[in-house]
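Residue-level structure breakdown
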There are 2 protein chains.
Amino acid sequence: MVLEELLEQLKKIGIRLTPQRQEIMLVLVERFQEGGPPLSADEITRHVRMRYPGISLDTVYRTLATFTKEGLVRELQFRDHSRRFELVRKGEHHHHLVCLSCGNIKKIPYCPEDCLERTRECYPEFEIKDHSFNVYGYCPKCRED
Amino acid sequence: MVLEELLEQLKKIGIRLTPQRQEIMLVLVERFQEGGPPLSADEITRHVRMRYPGISLDTVYRTLATFTKEGLVRELQFRDHSRRFELVRKGEHHHHLVCLSCGNIKKIPYCPEDCLERTRECYPEFEIKDHSFNVYGYCPKCRED
DNA sequence: ACACGTTATAAGAATTATTCCTATCTAGGA
DNA sequence: TCCTAGATAGGAATAATTCTTATAACGTGT
Ligand SMILES: [Mn+2]
Ligand SMILES: [Mn+2]
Ligand SMILES: [Zn+2]
Ligand SMILES: [Zn+2]
């Protein structure tokens, strides 16, 4: 049902509902439902190719850019220079705790709203659109060096 | 004096104090003193080449990695995929407000310590080392599209 | 001051992630 | 069914970063 809802949203936006786009959306929705970590473009491509062996990497990147522009997807950038993508769901907002050793990612259910507000007050002429909050460290597994 | 202090620190660490490293450190210190935004590897290289025309990009990257590992430099990753570097000074801690259009960067003097604490409580088995907080939007100049 | 071993450097090749190019295809409206 | 703007595949191009290797030089110990 989440998928149908999102495909409907895509249709409303006015972009073409190609099979490639549907499949990419499906992969993102599945990951969201499992509660797993955000996906890299490469991981998404590998998943999509199980059904669409011919899809080009360029299409995946282009589609992710489109979804991001339309607010359906959020693009994340972590300290190891990895770029990842995850579904955006209204009413759900979280940040990320990342292991510096294995890359393991956990959700942080808190948001620095107070800092955001103070930043707004500090720079009232700046039109704030978004923010990121990442915490880095070593996961239980990696602490046992 | 900041520079001398830092070079002293480098010596203490036990790595060789080459002219290249001194010059890179100088560039970082100057930028810190102006209060300007963090520098990209390319910007640092261009500055250093005014005095050391022959320095290789690889040396700049290697040196920045060394400084970062030793805690003298902080590496930042922004949403436009730009990687930047800034001097770390004890007792000084800030975050960044970034213009999505022109890349203009301002310092945010607030830190989400409460979120950090709650994250610690939420994942007590995770050894937290660091964090990032970035705010994105449009600067006054870029708002007049 | 000198010699030596270790570590750092320059230069260019290699790697990797991402975007561009262009000919071809197709989703969806008429 | 037809038409066309918009999307795709595939490969080339780009850009940032890292690797390789031969040479250079820092700084400890003589
Ligand atoms: Mn997430
Ligand atoms: Mn800064
Ligand atoms: Zn880990
Ligand atoms: Zn701007």
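Described in the following lines is the structure provided in the data block. This structure is a prediction, so every number in the text was calculated from the model and none was measured. (Residues numbered from 1 in each chain as written. Chains lettered and ligands numbered in written order. Predicted model: local features only at pLDDT ≥ 70, side-chain atom pairs only at ≥ 80, totals over all residues. Heavy atoms only, no water.)

**Focus on the nonpolar core**
- Leu97, Phe133 and Val135 of chain A together with Leu97, Phe133 and Val135 of chain B are the most contacted members of the largest nonpolar core, which totals 24 residues.
- Elements with a minimum of two residues in this core: β4 (95-99), α5 (113-122) and β6 (127-138) of chain A together with β4 (95-99), α5 (113-122) and β6 (127-138) of chain B.
- Each residue touching Leu97 of chain B, except ones within four places of it in the same chain, is listed here: Thr119, Tyr123, Phe126 and Ile128 of chain A together with Asn104, Ile105, Lys106, Ile108 and Val135 of chain B. (Core = buried A, V, L, I, M, F, W, Y, C linked by side-chain atoms within 4.5 Å. Buried < 20%, exposed > 50% of the residue type's maximum accessible area, 1.4 Å probe, protein only. Helix = DSSP H or I, 4+ residues; strand = E, 2+ residues; numbered from the N terminus. Contact = heavy atoms within 4.5 Å.)

**So, the relation of the copies chain B and chain A**
- Placing chain B over chain A gives an RMSD of 0.1 Å and needs a rotation angle of 180°, together with 0.0 Å of translation along the axis. Considering both components of the superposition, the chain copies are consistent with a two-fold axis. Across chain B, the smallest distance between a C-alpha and the rotation axis is recorded for Phe133 of chain B, namely 2.2 Å.
- Comparing interface residues between copies, 100% of those in chain B also sit at the interface in chain A, which points to an isologous, same-surface contact. (Least-squares fit on C-alpha atoms with pLDDT ≥ 70 in both.)

**Looking at the protein's contact with DNA strand D**
- Taken together, the neighbourhood of DNA strand D is formed by 17 residues, with Arg16, Thr59 and Arg62 of chain A together with Leu17 and Tyr61 of chain B sitting nearest.
- Put simply, 66% of the atoms of DNA strand D that lie within 4 Å of the protein are in sugar or phosphate.
- One nitrogen or oxygen atom from the side chain of Arg21 of chain A is found 3.1 Å from a phosphate oxygen belonging to DNA strand D.
- The separation between a phosphate oxygen of DNA strand D and a polar main-chain atom of Gly54 of chain A is 3.3 Å.
- Looking at the surface near DNA strand D, the elements that each hand over two or more residues are α2 (19-34) and α4 (57-69) of chain A together with α4 (57-69) of chain B.
- Grouping the amino acids of the surface near DNA strand D by side-chain chemistry returns 5 nonpolar, 5 polar and 7 charged. (Near = heavy atom within 4 Å. Polar contact = N/O pair within 3.5 Å; in protein donor to acceptor, adjacent residues only side chain to side chain. Nonpolar A, V, L, I, M, F, W, Y, C, P; charged D, E, K, R; others polar.)

On their own, these measurements won't tell you what the molecule is for.
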